[in-house]
Amino acid sequence: MFKEEYIRGVTGLLEDEETYKPLNKDPTKKIQDKVNNKLKEMRTAGLINEIEYRTLIRHNSVIPKLYCLRKTHKDTLSLRPIVSNINAPTYNLGKLMHDILSKVLSTSPYNVKNSIQAKEIIKNIVVPKGYILISLDVVSLFTNISKDLVIRVAHKRWNYIKNFTTLDKATFISLIELCFEGGYFSFNNKFYQQLNGTAMGAPASTSFANLVMNDLFDFVCDRLTFRILLMLLYVDDTLMLIPLEMRQTIFDLFNSYHPSIKFTIEDENENKIPFLDLLITREETNLTTCWYTKTINSNRIINYYSNHSNTQKVNTAISLMYRALSLSDSKFREETTQKVCKILRENNYPKYIIQRVVNKAKEKVMCTRNNIQQKNKETTQYCRFPFIPGLSQKISRIFKRINCTCAFYNKTTTKKYFTQLKDSVPTNLQSSVVYNIPCSNCDKAYIGQTKQLLKDRIRQHKTDSNNITHKEKTALTSHTFKEGHKFNFEETTILDHENNNYRRNISEMIHITLNKTVNYREDVNRLSTIYNSLLVPLRK
């Protein structure tokens, strides 16, 4: 898509007044304070301990950011809205709710974790005569899971939920309300509140949706006069084996659960129906499975000529082959093997590598099927290391002597070449950074690091620069008063992002060493001499 088309499409989506409301200002600080005040109440009441409180409390929160992914399997322009909640005010709270509800939902008779588990359930089903496979799909699940509905289900199922949490009922409900209040975001530098539903991308959203869907399944089962032999659920994807004559009854029951939750139905085609990445075939008395990909699937994996280590490429191919074979019954394995081999050839894998992949994957499948345990290996440490052809392999061999494996990554990624869909965080609202403030009267600069929001740290520098009693507080204020110079705070730039305090200090010292600064000499005294040979050629 061209960017103009994308912005037009998303803006049109946000014009739905029943789902979204424009906001005049960023509510991040207000919601962060609400969350932190609630956490203090919980700590005082003994519902969480001090360690949990420090884990959950939020500082320097950023506004959630909306971006949309195009549904490529749709003929017309259709966008899936996703809200990135990383470091948002309710992010930690959402993770807490997700952890609690994940335990609750782990005992669900309907939920499946993945295709492998679904296959294990399906293979044990005996199909009676006159039964068919159907799949029901929720229309826009996340935007139709309302706060009131989630709270209603939580009240209804509280006697079960309370076994998985130390929170009382009132507190649990209030945390649900806070998670929904955090359903706001920015797009194209404008602020919006989501009025209905929960945002895809928020930590608790999937668990809220699962909680409601499980209640919906119970609602349907309680009203049927017969037992559904197969009833699987993965978020909003469902698979059922039902009597043919009950198809419409079940469809109507699902659509009667709640006015905002509506379903579409997909019937089996030639006794076959897809579910996740399984193609399930109804035979006379049993169900068989085969690995399935949609027709729109691009068949693209790591290309053999890409800038990745050979180990990564081969392991990616083996994992693909192993998954495809694991999901396929024995009668489909040869067909599946040829399908994966075709994908590997399209991605330039040579014949000898493909043969090795086939052999390894089949060996792994046989071990799994026969429940053969792999030999226990010594615990291996991993070290993240950039991949540089020729050099990385040599370094990896050195690390293996101390039982450490290099986990390679590429410095250049596709992110460099594609338009960023999410709004960027303004420089002054970023935290955990190393920053540079240039002097307006000379060619020097002050380099510092901070965990707090950059705007708050700059405000402190400005205050110190106007107070003579603080003239020795930092190298910046010392330069201001001794030389009579002024710093250009508006031209502050970020040199590095680093959440780890120790590594951020190292980064600060390296940047001080590399640049012409007003910083004190002792600011780099803790920088190991091991860096000297690397930094001297780079020094400005």
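First, a word on scope: everything that follows refers to the structure included in this document. Computed from a prediction, not measured in an experiment: that's the story for all the values here.

## A closer look at empty space enclosed by the protein
In the structure shown here, the tally under the stated rule is one cavity of 30 Å³ or more. Roughly 160 Å³ of volume is contained in the largest cavity. Lining the largest cavity are 19 residues; nearest its centre among them are Cys179, Gly182, Gly183, Thr198 and Ala202. If you list the elements that add at least two residues to the lining of the largest cavity, you get α9 (169-181), β5 (184-187) and α10 (205-222). A breakdown of the residues in the lining of the largest cavity according to their chemical character gives 10 nonpolar, nine polar and no charged.

## Remarks on the sheet that holds strand β17 (residues 493-497)
With antiparallel pairing, the three strands of this open sheet are ordered in space as β16-β15-β17. Both edges of this open sheet fall to β16 (445-450) and β17, since each of them pairs with a single strand only. Averaged over all adjacent pairs, the angle separating strand axes in this sheet is 25 degrees, with direction ignored. Sheet topology note: the strand β15 (residues 433-438)/β16 ladder contains six bridges and is antiparallel. Residue pairing across strands places Val433 opposite Thr450, the latter belonging to β16. Strands β15, β16 and β17 of the sheet are contacted by helix α16 (residues 454-465), whose axis makes an angle of about 40 degrees with β15. Of the strands in this sheet, β15, β16 and β17 are in contact with helix α18 (residues 501-514), which crosses β16 at around 175 degrees.

## Considering the pattern of salt bridges
Scanning the model with the defined rule gives 21 salt bridges in all. Glu181 is paired through a salt bridge with Lys34; the nearest N and O atoms lie 2.7 Å apart. Placement of Glu181 in helix α9 and of Lys34 in helix α2 (residues 28-44) is noted, with a sequence separation of 147 residues between them. Taking relative accessible area as the criterion, Glu181 reaches 27% and is therefore assigned partly exposed.

## Description of unusual backbone geometry
Positive phi outside glycine occurs at Ser140, with the angle close to 50 degrees. Along the chain, Ser140 falls in the loop between β4 (131-138) and α6 (141-144). According to the relative accessible area criterion, Ser140 is partly exposed, its value standing at 44%. Phi at Asn189 takes a positive value of approximately 65 degrees, unusual for a residue other than glycine. Following the sequence through the fold, Asn189 ends up in the loop between β5 and β6 (190-194). Here Asn189 falls in the exposed class, since its relative accessible area comes to 64%.

## Topic: the sheet that holds strand β12 (residues 287-291)
Each strand in a sheet pairs with its neighbour through backbone hydrogen bonds, running either in the same direction (parallel) or in the opposite one (antiparallel). On the basis of which strands lie adjacent, the open sheet formed by three strands has the order β10-β11-β12 and antiparallel pairing. Because the sheet does not close on itself, it has two edges, and the strands there are β10 (272-275) and β12. Along the sheet, successive strands turn relative to each other by an average axial angle of 30 degrees, direction set aside. Alignment of strand β11 (residues 278-282) against β12, held across five bridges, turns out to be antiparallel. The partner of Ile280 across the bridge, within β12, is Thr289.

## A few points about α18
With 14 residues, α18 extends 20 Å between its outermost C-alpha atoms, agreeing within 8% with the 20 Å of an ideal straight helix rising 1.5 Å per residue. Buried residues dominate α18, accounting for 11 of its 14 residues. Those residues of α18 that fall on the buried side of the exposure criterion are Arg504, Asn505, Ile506, Ser507, Glu508, Met509, Ile510, His511, Ile512, Thr513 and Leu514. In this fold, the buried residues of α18 make contact with β15, β16, β17 and α19 (532-535).

## Details of the pairing of strand β14 (residues 404-409)
With burial as the criterion, only one face of β14 is covered, namely that bearing Cys404, Cys406 and Phe408; the residues Thr405, Ala407 and Tyr409 on the opposite face remain uncovered. Inspection of the sheet shows strand β13 (residues 381-386) paired to β14 by six bridges, in the parallel sense. What sits directly across from Gln381, in β14, is Cys404. In this view, the connection linking β13 to its parallel neighbour β14 by way of helix α15 (residues 391-400) has right-handed handedness.

## A closer look at the state of the cysteines
Counted under the stated rule, the structure contains zero disulfides. With no disulfide of its own, Cys367 lies closest to Cys341 among cysteine sulfurs, the gap being 19 Å. Of the cysteine sulfurs around Cys439, a residue in no disulfide, the closest is that of Cys442, at 3.5 Å.

## Notes on the environment of Arg459
Looking at where Arg459 falls in the secondary structure, it is placed in helix α16. Taking the C-alpha atoms as reference points, Arg459 and Phe489, separated by 30 residues in sequence, lie 9.2 Å from one another.

## Some thoughts on a negative patch on the surface
A grouping of Glu15, Asp16, Glu17 and Glu18 is seen on the molecular surface, where their side chains present a negatively charged patch. With respect to the secondary-structure elements, Glu15 resides in the loop between α1 (3-14) and β1 (20-23). For Glu15, a relative accessible area of 57% gives the class exposed.

## Things to note about the packing of aromatic side chains
Applying the stated criterion to the full structure yields 15 aromatic pairs. Ring plane angle 70 degrees and centroid distance 5.4 Å describe the contact between Phe219 and Tyr257, whose orientation is recorded as edge-to-face. Here the residue Phe219 occupies a position in helix α10, and Tyr257 occupies one in the loop between α11 (247-255) and β9 (263-267), the gap between them amounting to 38 residues. Across the pair, Tyr257 and Phe219 agree in class, each one buried. Judged by centre distance (6.4 Å) and plane angle (50 degrees), the rings of Tyr435 and Tyr446 are tilted. You can see Tyr435 sitting in strand β15 and its partner Tyr446 sitting in strand β16, a full 11 residues away along the chain. Summarising the burial analysis for this pair, Tyr435 and Tyr446 share the class buried.

## Looking at the layout of surface pockets
Of the voids in this model, the largest pocket is the one considered here, and its volume is about 1600 Å³. Those elements that provide at least two residues to the lining of the largest pocket are β2 (65-70), β3 (79-84), β4, α6, β8 (237-243), β9 and β10. The leading source of residues in the lining of the largest pocket is β3, at five residues. Each residue belonging to the lining of the largest pocket can be placed in one class, and the counts come to 23 nonpolar, 14 polar and 11 charged. Volume-wise, the second largest pocket comes out at about 1300 Å³.

Criteria and thresholds
Residues numbered from 1 in each chain as written. Predicted model: local features only at pLDDT ≥ 70, side-chain atom pairs only at ≥ 80, totals over all residues. Heavy atoms only, no water. 1 Å grid on protein atoms, 1.4 Å probe; cavity = no way out; pocket = protein on both sides within 12 Å on 5 of 7 lines; lining within 4 Å. Points joined across faces, edges and corners; volume = space filled by probe spheres on them. Helix = DSSP H or I, 4+ residues; strand = E, 2+ residues; numbered from the N terminus. Nonpolar A, V, L, I, M, F, W, Y, C, P; charged D, E, K, R; others polar. Pairing = 2+ DSSP bridges. Axes fitted to C-alpha atoms, helices over the stretch in contact; angles between N-to-C directions. Contact = heavy atoms within 4.5 Å. Salt bridge = Lys/Arg side-chain N within 4 Å of Asp/Glu carboxyl O. Buried < 20%, exposed > 50% of the residue type's maximum accessible area, 1.4 Å probe, protein only. Expected span 1.5 Å × (residues − 1). Right-handed = clockwise from strand over helix to strand, strands pointing away. Disulfide = S-S within 2.5 Å. Patch = residues over 30% accessible without salt bridge, like charges linked within 9 Å, V, L, I, M, F, W, Y side chains within 5 Å. Areas by Shrake-Rupley, 256 points an atom, 1.4 Å probe, with all protein chains shown as cover. Lys, Arg positive; Asp, Glu negative; His and termini not counted. Charge placed at Lys NZ, Arg CZ, Asp CG, Glu CD. Phe/Tyr/Trp six-rings, centres within 6.5 Å; stacked < 30°, edge-to-face > 60°.

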